[in-house]
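These are the residues of each chain, in order.
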Amino acid sequence: FTPPEAIDGSCQIDPRSDLYSVGALGYYLLTGQYIFDATTVEEIHKKQLSAVPVPPGKRIEQPISGEMEQLILQCLAKKPDARPPSANVLRTRLSACPGAADWSPKARAEWWEAYETQPVVRRNETAADATTPMATVRIDFASRIK
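Residues numbered from 1 in each chain as written. Predicted model: local features only at pLDDT ≥ 70, side-chain atom pairs only at ≥ 80, totals over all residues. Heavy atoms only, no water.

Another aspect to go through is the confidence of the model for the protein chain. Across the protein chain, pLDDT averages 83, with 82% of residues at or above 70. Considering each helix and strand of the protein chain separately, the mean pLDDT is smallest for helix H7 (residues 141-145), with a value of 53, and largest for helix H4 (residues 66-75), with 96. In this model residues 129-137 is a low-confidence stretch, pLDDT under 50, and it forms 19 contacts with partners more than four residues away in sequence or in other chains. (pLDDT = per-residue confidence, 0-100. Helix = DSSP H or I, 4+ residues; strand = E, 2+ residues; numbered from the N terminus. Contact = heavy atoms within 4.5 Å.)

Structure follows, in structure tokens:
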């Protein structure tokens with residue numbers, strides 16, 4: 001999830017570059033799809049530099065709040081100055097999105113625990129056939145915020 005400024009060297013990489021990557025990850029988690037469809041890294045990079053992302057709500061049937069969708073798209077802005085200015089601001093805006101209050105720390109931990117223990121399902125395989133645990137990535141956002 002490389003930000004545009006890292007692709008073309010147009011400006012210095014800073015914390016807002018990380019927010020592009022967080023937006024790309026959020027887009028994927030919401031839709032199950034990458035921001036841009038492409039067959040090569042070069043094609044993806046070209047689209048990252050010039051194409052406008054399809055709003056996440058147009059790629060799935062489940063509703064996404066307008067606030068969440070706009071925040072994800074703001075994180076994916078081509079220019080760092082158009083993104084949230086910091087991870088703290090992003091966190092505050094995410095917390096203000098409809099439904100955010102429904103996710104208590106306990107509910108989040110329970111969801112994450114259930115997610116981490118899901119089996120990997122490969123093509124032509126059912127969940128009952130899968131025996132390999134799903135790989136996950138842990139991100140320590142608290143340390144990144146400072």
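On we go.
This part takes up the packing of helix H2 (residues 15-31) against H4. Contact geometry for H2 and H4: axes closest at 7 Å, N-to-C directions at 135 degrees. With respect to their mutual orientation, H2 and H4 come out oblique. Of the two elements, H2 crosses H4, and the hand of that crossing is left-handed. Contact residues: H2 offers Leu19, Tyr20, Gly23, Gly26, Tyr27 and Leu30, while H4 offers Met68, Ile72 and Cys75. Here the residues of the contact of H2 with H4 are counted per class, giving seven nonpolar, two polar and no charged. (Axes fitted to C-alpha atoms, helices over the stretch in contact; angles between N-to-C directions. Parallel < 35°, antiparallel > 145°, perpendicular 65-115°, else oblique. Left-handed = near helix turned anticlockwise from the far one by under 90°. Nonpolar A, V, L, I, M, F, W, Y, C, P; charged D, E, K, R; others polar.)

The subject of this paragraph is the side chain of Thr31. Along the chain, Thr31 turns up in helix H2. Separated by 2.8 Å, the side chain of Thr31 and the backbone oxygen of Tyr27 make a polar contact. Leave out the neighbours within four places in its chain, and Thr31 touches Pro56, Arg59 and Ile60. (Polar contact = N/O pair within 3.5 Å; in protein donor to acceptor, adjacent residues only side chain to side chain.)

Estimates place the volume of the second largest pocket at around 200 Å³. Looking at the second largest pocket, the residues that line it are Phe1, Thr2, Tyr20, Ala24, Tyr34, Ile35, Phe36, Val41, Ile44, His45 and Gln48. Sorting the residues of the lining of the second largest pocket by element identifies H2 and helix H3 (41-50) as the ones contributing at least two each. Examining the composition of the lining of the second largest pocket, we find that four residues originate from one element, H3, more than from any other. (1 Å grid on protein atoms, 1.4 Å probe; cavity = no way out; pocket = protein on both sides within 12 Å on 5 of 7 lines; lining within 4 Å. Points joined across faces, edges and corners; volume = space filled by probe spheres on them.)

Summed over all chains, the structure comprises six salt bridges. Across the salt bridge formed by Lys47 and Glu43, the nearest N and O atoms sit 3.8 Å from each other. Of this pair, Lys47 and Glu43 both sit in helix H3, four residues apart, which is roughly one turn of the helix. What makes Lys47 partly exposed here is its relative accessible area of 26%. The structure contains a network of salt bridges with shared partners spanning Asp14, Arg16 and Asp81. (Salt bridge = Lys/Arg side-chain N within 4 Å of Asp/Glu carboxyl O. Buried < 20%, exposed > 50% of the residue type's maximum accessible area, 1.4 Å probe, protein only.)

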